[in-house]
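Structural characterization, general
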Amino acid sequence: MTELGKPSVKQAWTTALQSPKKRDKLLIGSFIVAIMLSGMPIFFNYIQKRQGVLLSDWVLANIPAHDVSIIIFTIIWGMAALTFARALYNPVIYINYVWTLIFINLARMLTIYLIPLDPPVGLIHLLDPLTNVFYGNTVITRDLFFSGHTSTMVLIFLCLEKRSDKVMGFIAIIAVMVLLLVQHIHYTIDVVAAPFLVYLIFLAVRKILKLDQLKNSEN
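How each quantity is defined
Residues numbered from 1 in each chain as written. Predicted model: local features only at pLDDT ≥ 70, side-chain atom pairs only at ≥ 80, totals over all residues. Heavy atoms only, no water. Patch = residues over 30% accessible without salt bridge, like charges linked within 9 Å, V, L, I, M, F, W, Y side chains within 5 Å. Areas by Shrake-Rupley, 256 points an atom, 1.4 Å probe, with all protein chains shown as cover. Salt bridge = Lys/Arg side-chain N within 4 Å of Asp/Glu carboxyl O. Helix = DSSP H or I, 4+ residues; strand = E, 2+ residues; numbered from the N terminus. Phe/Tyr/Trp six-rings, centres within 6.5 Å; stacked < 30°, edge-to-face > 60°. Buried < 20%, exposed > 50% of the residue type's maximum accessible area, 1.4 Å probe, protein only. Lys NZ or Arg CZ within 6 Å of the ring centre and 35° of its normal. Contact = heavy atoms within 4.5 Å. Expected span 1.5 Å × (residues − 1). Polar contact = N/O pair within 3.5 Å; in protein donor to acceptor, adjacent residues only side chain to side chain. Core = buried A, V, L, I, M, F, W, Y, C linked by side-chain atoms within 4.5 Å. Axes fitted to C-alpha atoms, helices over the stretch in contact; angles between N-to-C directions. Parallel < 35°, antiparallel > 145°, perpendicular 65-115°, else oblique. Left-handed = near helix turned anticlockwise from the far one by under 90°. Nonpolar A, V, L, I, M, F, W, Y, C, P; charged D, E, K, R; others polar. pLDDT = per-residue confidence, 0-100.

1. Concerning a nonpolar patch on the surface
- The grouping of Y46, L110, Y113, L114 and I115 at the surface amounts to a nonpolar patch, some 500 Å² of accessible area in total.
- In terms of residue count, helix α5 (residues 91-114) provides more of the nonpolar patch than any other element does, three residues in total.
- For I115, the location among the structural elements is in the loop between α5 and α6 (148-159).

Rendered as structure tokens:
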């Protein structure tokens, strides 16, 4: 046990892997995410070659475009690191994140496919060497509706449990949404719709897969 009476990382994950309900969701969820991430470059390269619709966006038209890439990916990967640290001691956080991420990615691929959009006027490419790996190290600008960066921040907020973590997560959501618009990476509708869609997906996944029963489950 740790000094605070909580299980160590090894104890937390040993216990989780000994629970059939948790073990199955850990292993199957991780496998599906790995397969999904490996196939994403193919999908996004296809999307990038399509022609889409250029939207008129009053908000973007009144915001001068600036490159805030460093701030954006610092916030995103900083919050991701915090979530990883929390999940080390609480595998249920990882389970919630992975399974919701699966359905968020499926939903985004569907909406991006069905709603072809051209990038906003004034778009400045987001320089994020980590995320670009999942795009096949190719600049992708047509993965627009709905915002993946905003979705990630909302999912992190929903998965974190400590009040102080959630406060940071909420601030991070607002910051990233604003910064994405400042850099003209997304249309306003892309970032505004993301929190609502992610929340609905999160609730649906928890209900369908009964993830809310895992916290105190030992079987």
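2. Overview of the packing of aromatic side chains
- Inspection of every chain in the model, using the stated rule, returns five aromatic pairs.
- Pairing F145 with F146 gives two aromatic rings, centres 6.2 Å apart and planes at 80°, and the pair type is edge-to-face.
- F145 sits in the buried class, given a relative accessible area of 17%.
- Sitting over the face of the ring of F157, K166 holds its NZ or CZ atom 4.5 Å from the ring centroid.

3. Topic: the environment of H66
- Tracing the backbone shows H66 in the loop between α3 (58-61) and α4 (69-89).
- Residue H66 is classed as partly exposed on the basis of its relative accessible area of 46%.
- When the C-alpha atoms of H66 and Q183 are compared, they prove to be 5.1 Å apart, with 117 residues separating the residues in sequence.
- Among all residues touching H66, those that are not within four sequence positions of it are I124, V182 and Q183.

4. Brief notes about the pattern of salt bridges
- Within this structure, the stated rule accounts for three salt bridges.
- For the salt bridge of D143 with R108, the shortest nitrogen-to-oxygen distance reads 3.8 Å. One end of the pair, D143, is in the loop between α5 and α6; the other, R108, is in helix α5, with 35 residues separating them in the sequence.
- Among the salt bridges present, the one from D118 reaches R142, with a minimum N-O distance of 3.0 Å. Of the two residues, D118 sits in the loop between α5 and α6 while R142 sits in the loop between α5 and α6, which places them 24 residues apart along the sequence.

5. Focus on α6
- With twelve residues, α6 ought to run about 16 Å at 1.5 Å a step, and its terminal C-alpha atoms sit 16 Å apart, in line with that.
- Of all twelve residues in α6, ten are buried; the element is thus mostly enclosed.
- Along α6, the residues that are buried comprise G148, H149, T150, S151, M153, V154, L155, I156, L158 and C159.
- Along its buried surface, α6 packs onto α4, α5, α7 (163-182) and α8 (188-208).
- With a side-chain oxygen positioned 3.5 Å from the backbone nitrogen of H149, the residue opening α6 is S147.

6. A look at the nonpolar core
- Membership of the largest hydrophobic core comes to 56 residues, with the highest contact counts inside it found for I72, M79, M153, L155 and V198.
- Within the residue set of this core, elements represented by two or more residues are α2 (20-48), α4, α5, α6, α7 and α8.
- No other element matches α5, which puts nine residues into this core.
- Excluding residues that lie within four positions of it along the chain, M79 makes contacts with M153, I156, L160, D165, M168, G169 and A172.

7. Considerations on the packing of α4 against α7
- Interhelical geometry of α4 versus α7 gives an angle of 155° and a closest axis separation of 10 Å. Classified by the interaxial angle, the pair formed by α4 and α7 is roughly antiparallel. The interaxial crossing formed by α4 with α7 has left-handed handedness. Contacts from I71, I72, I75, I76, M79, L82 and R86 in α4 reach D165, M168, G169, A172, A175, V176, L179 and L180 in α7.
- When its residues are assigned to classes, the contact of α4 with α7 shows twelve nonpolar, one polar and two charged.

8. Focus: the confidence of the model for the protein
- Scored by pLDDT, the protein has a mean of 91; 91% of the residues are at 70 or more.
- Within the protein, α7 carries the highest mean pLDDT (98), whereas helix α1 (residues 9-18) carries the lowest (92).

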